[in-house]
Amino acid sequence: MIKSTATVARSAKLPLLTLLAGLILLPGCASNAADYNSAEYPSEINDPIEPVNRGIHAVNTVADRFVLGPVANAYHDVVPTPFQTVIRNFFRNLEMPIIAVNKLLQGNVDGFGTAVGRFFVNSIAGVGGIADIASYSGLNYEPTDFGVTLASWGADEPGFYLVLPLLGPSSLRDGIGRGVDWLADPVRIVAYNNELEEEMMGVSIARYLDTRAAYDAAIRDTRKNSLDDYAAFRSLYAQRRAADIKAQLGE
Amino acid sequence: MLRRTLLQKICGLTVFGLLATSAALPAQAAVSPDAAKQLISGMASEAISTLAAPDRTDSQIRETFSGILQTNFDFDGIARFVLGRYGRTATPEQQAEYQTLFAKYIVGIYANRFKQYAGETVDVTGAKQDGENAIVSTRINLINNPQPIAVDWKVTTGADGKPRVADVIIENVSMSITQRSEFASIIQNGGGKVDALLAQLRTKTASR
């Protein structure tokens, strides 16, 4: 009967999004020439180091196609879903301290309280974070990062576009944010002081695979259908990030 | 008494003047949220009924999408927007070829995505005015994922005066802006020549 689409269903939202596309779609707009450059549409993305970025993108693409993507999909397909949920709960719980710090720096006292509350509830009642008990009492997972904190302090422009090795699309502001988050992460500091570097690396890898698998359909679709996938990913990232920050800071 | 009459006259004249002016304006009326909503729900049920048919073939899907695009989308406006400022430097021949290739390109991509349809459903969750346009919000419910996808449809007035889709915004990502950004990049890297884009579109559409 109807062809089943494991690919579609398995992925998280963005991916599907492409399918949704199935529901029609596409670009467009303005019916007259005057609108071509209207302020409503963001001007082109600032990308002064495009040749370097393209080089990193090319390497990332090869690494992703042959190693990271297949491994992420294998993780997703082979590991039973309940285990994946447990693993996701665990690494998300470890993100809570640095999220709490960022919420506080953003002046978001409620968000700070939620993150701290989650960390204690899930670490204790959730057995070291493997169960997300906190969500049942409304303490939802609301991630943030130092890039958002910088935006809240007035860096509302992301700065030039940056492709990070293995991690992919970013920007000057958000790249700095990632670095600061890593350095300042209380969990990482405690772990490193207790010679748990490898365990932390394992946590990071699990998080990477989980995220990568969630975006699989969107990534493959973009690669397949784009004429210039570098430019497509650049635009997708810029739009998503801007919308996400806007939603977080409630502007 | 006299003053009041005068005021009334002035008001009457003003109202008359406004009516006369608006009647004289081209019929580029704002799209009402209700009309936009109707367009989107109609389109969704049309698409789903074709896609859910058990014996659908690839060429049927292609035809269906092509038809949906023609009747519900402001396709010329979309094509122009996506080409952006480079549209002005293109010759009439280039413009014409671009329009043809772009339509082929888009139909190819979306027909392909339609093929993956597995029973997703669409809920129209709201509609609001946005200047001359209307934005219709929908939720696409997936089959094996409890988290729906948020899709907004920007509906404008088409060249024929009817409501037409001008942009689709999936989880805050505008398809038209993404496409425009990609085409601009190809043209810039091709020395600012529209031919660079046309060449790529030719290759891509030929291989389908």
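So, how was this worked out
Residues numbered from 1 in each chain as written. Chains lettered and ligands numbered in written order. Predicted model: local features only at pLDDT ≥ 70, side-chain atom pairs only at ≥ 80, totals over all residues. Heavy atoms only, no water. Helix = DSSP H or I, 4+ residues; strand = E, 2+ residues; numbered from the N terminus. Buried < 20%, exposed > 50% of the residue type's maximum accessible area, 1.4 Å probe, protein only. Contact = heavy atoms within 4.5 Å. Areas by Shrake-Rupley, 256 points an atom, 1.4 Å probe, with all protein chains shown as cover. Core = buried A, V, L, I, M, F, W, Y, C linked by side-chain atoms within 4.5 Å. Pairing = 2+ DSSP bridges. Domains from an automatic or database assignment. Buried area = accessible area lost by both parts, 1.4 Å probe. Salt bridge = Lys/Arg side-chain N within 4 Å of Asp/Glu carboxyl O. Polar contact = N/O pair within 3.5 Å; in protein donor to acceptor, adjacent residues only side chain to side chain. Nonpolar A, V, L, I, M, F, W, Y, C, P; charged D, E, K, R; others polar. Axes fitted to C-alpha atoms, helices over the stretch in contact; angles between N-to-C directions. Parallel < 35°, antiparallel > 145°, perpendicular 65-115°, else oblique. Phe/Tyr/Trp six-rings, centres within 6.5 Å; stacked < 30°, edge-to-face > 60°. Lys NZ or Arg CZ within 6 Å of the ring centre and 35° of its normal.

**Some remarks on the overall build of chain B**
Okay, step 1: Scanning chain B from N- to C-terminus turns up 7 helices and 5 strands.
Okay, step 2: In chain B, which comprises 208 residues, the proportion classed as buried is 44%.
Okay, step 3: In chain B, of all internal contacts separated by at least 6 residues, the share reaching a separation of at least 24 is 56%.
Okay, step 4: As displayed, chain B offers around 10,300 Å² of accessible surface, 57% of which is attributable to carbon and sulfur atoms.

**Remarks on the nonpolar core**
Okay, step 1: Ranked by internal contacts, the top residues of the largest apolar core, which has 55 residues, are Phe73(B), Tyr98(B), Phe102(B), Trp153(B), Phe183(B) and Leu197(B).
Okay, step 2: Not counting the four nearest positions on each side in its chain, Phe183(B) is found in contact with Leu227(A), Val82(B), Tyr98(B), Phe102(B), Tyr105(B), Leu197(B) and Leu201(B).

**Examining unusual backbone geometry**
Among all residues except glycine, the phi angle is most often negative; among peptide bonds, the trans geometry is most common.
Okay, step 1: Unlike most non-glycine residues, Glu195(A) shows phi in positive territory, near 55°.
Okay, step 2: For Glu195(A), the location among the structural elements is in the loop between helix 8 (186–193) and helix 9 (197–214).
Okay, step 3: Judged by relative accessible area, which is 69%, Glu195(A) ranks as exposed.
Okay, step 4: Not every positive phi belongs to a glycine, and Asn172(B) is a case in point at roughly 75°.
Okay, step 5: Its location among the elements puts Asn172(B) in the loop between strand 4 (163–170) and strand 5 (173–174).

**Examining the pairing of strand 4 of chain B**
Residues and elements named next belong to chain B.
Okay, step 1: Here strand 4 lies mainly inside the structure; 7 of its 8 residues are buried.
Okay, step 2: Alignment of strand 3 (residues 149–157) against strand 4, held across 7 bridges, turns out to be antiparallel. Directly across from Val 151, in strand 4, lies its bridge partner Ile 170.
Okay, step 3: The hairpin formed by strand 3 and strand 4 contains 5 residues between the paired strands, and Gly 161 there has a positive phi angle of roughly 85°.
Okay, step 4: Direction of pairing for strand 4 relative to strand 5: antiparallel, over a ladder of 2 bridges.

**Re the sheet that holds strand 2 (residues 133–141) of chain B**
Residue and element names in this part refer to chain B.
Okay, step 1: Taking strand neighbours across the sheet as the criterion, the 5 strands line up as 1-2-3-4-5 in an open arrangement whose pairing is antiparallel. The open sheet has two free edges, formed respectively by strand 1 (121–130) and strand 5, since each of these has just one partner strand.
Okay, step 2: Alignment of strand 1 against strand 2, held across 9 bridges, turns out to be antiparallel. Note that in strand 2 the partner of Thr 121 across the bridge is Asn 141.

**Focus on the domain arrangement of chain A**
Residue and element names in this part refer to chain A.
Okay, step 1: Split by domain assignment, chain A resolves into domain 1 (45–77 + 145–251) and domain 2 (79–143).
Okay, step 2: Computed over C-alpha atoms only, the centres of domain 1 and domain 2 are separated by 21 Å.
Okay, step 3: Contacts between the two partners involve 21 residues from domain 1, matched on the other side by 14 residues from domain 2.
Okay, step 4: A per-residue breakdown of the area domain 1 buries against domain 2 is headed by Tyr 75, Arg 207 and Asp 210, which together make up 31% of the total.
Okay, step 5: The interface formed by domain 1 and domain 2 contains 2 salt bridges.
Okay, step 6: If you look at where domain 1 meets domain 2, you find 10 residue pairs in polar contact (both at pLDDT 80 or more).
Okay, step 7: Every element with two or more residues in the side of domain 1 that touches domain 2 is listed here: helix 3 (50–78), helix 6 (146–152), helix 7 (172–184), helix 8, helix 9 and helix 11 (229–249).
Okay, step 8: Classifying every residue of the side of domain 1 that touches domain 2 by side-chain character gives 11 nonpolar, 4 polar and 6 charged.

**Describing the packing of helix 3 of chain A against helix 11 of chain A**
All names here are of chain A.
Okay, step 1: Put simply, helix 3 and helix 11 touch, their axes get as near as 11 Å, and they point 100° apart. The orientation of helix 3 relative to helix 11 falls into the category roughly perpendicular. Between helix 3 and helix 11, the contacting residues are Glu 50, Asn 53, Arg 54 and His 57 on the first element and Asp 229, Tyr 230, Phe 233 and Arg 234 on the second.

**Description of the pattern of salt bridges**
Residue and element names in this part refer to chain A.
Okay, step 1: For the structure shown, the criterion picks out 20 salt bridges over all chains.
Okay, step 2: Notably, a salt bridge pairs Arg 173 with Asp 174, separated by 3.0 Å at the nearest N-O pair.
Okay, step 3: We note a salt bridge from Arg 241 to Asp 174, for which the minimum N-O separation is 3.0 Å. Taken together, the residues span a long stretch of sequence, with Arg 241 in helix 11 and Asp 174 in helix 7 at a distance of 67 residues. Asp 174 carries the same exposure label as Arg 241, and that label is buried.
Okay, step 4: Residues joined by salt bridges that share partners form a network here, namely Asp 47, Glu 50, Arg 54, Asp 228 and Arg 234.

**Quick word on the packing of aromatic side chains**
Okay, step 1: Per the stated rule, a full pass over the model turns up 11 aromatic pairs over all chains.
Okay, step 2: Measuring from ring centre to ring centre gives 6.0 Å for Trp182(A) and Tyr192(A), while their planes differ by 85°; the resulting arrangement is edge-to-face. Of this pair, Trp182(A) sits in helix 7 while Tyr192(A) sits in helix 8, placing them 10 residues apart in sequence.
Okay, step 3: Look at Trp182(A) and you get partly exposed, because its relative accessible area is 46%.
Okay, step 4: Connected via pairs of aromatic rings, a cluster forms that spans Phe75(B), Tyr98(B), Phe102(B), Tyr105(B) and Phe183(B).
Okay, step 5: In this arrangement the basic side chain of Arg188(A) is found over the ring face of Trp182(A), its NZ or CZ atom lying 4.0 Å from the centre.
Okay, step 6: The residue whose ring lies beneath Arg188(A) is Tyr192(A), and the NZ or CZ to ring-centre distance is 4.7 Å.

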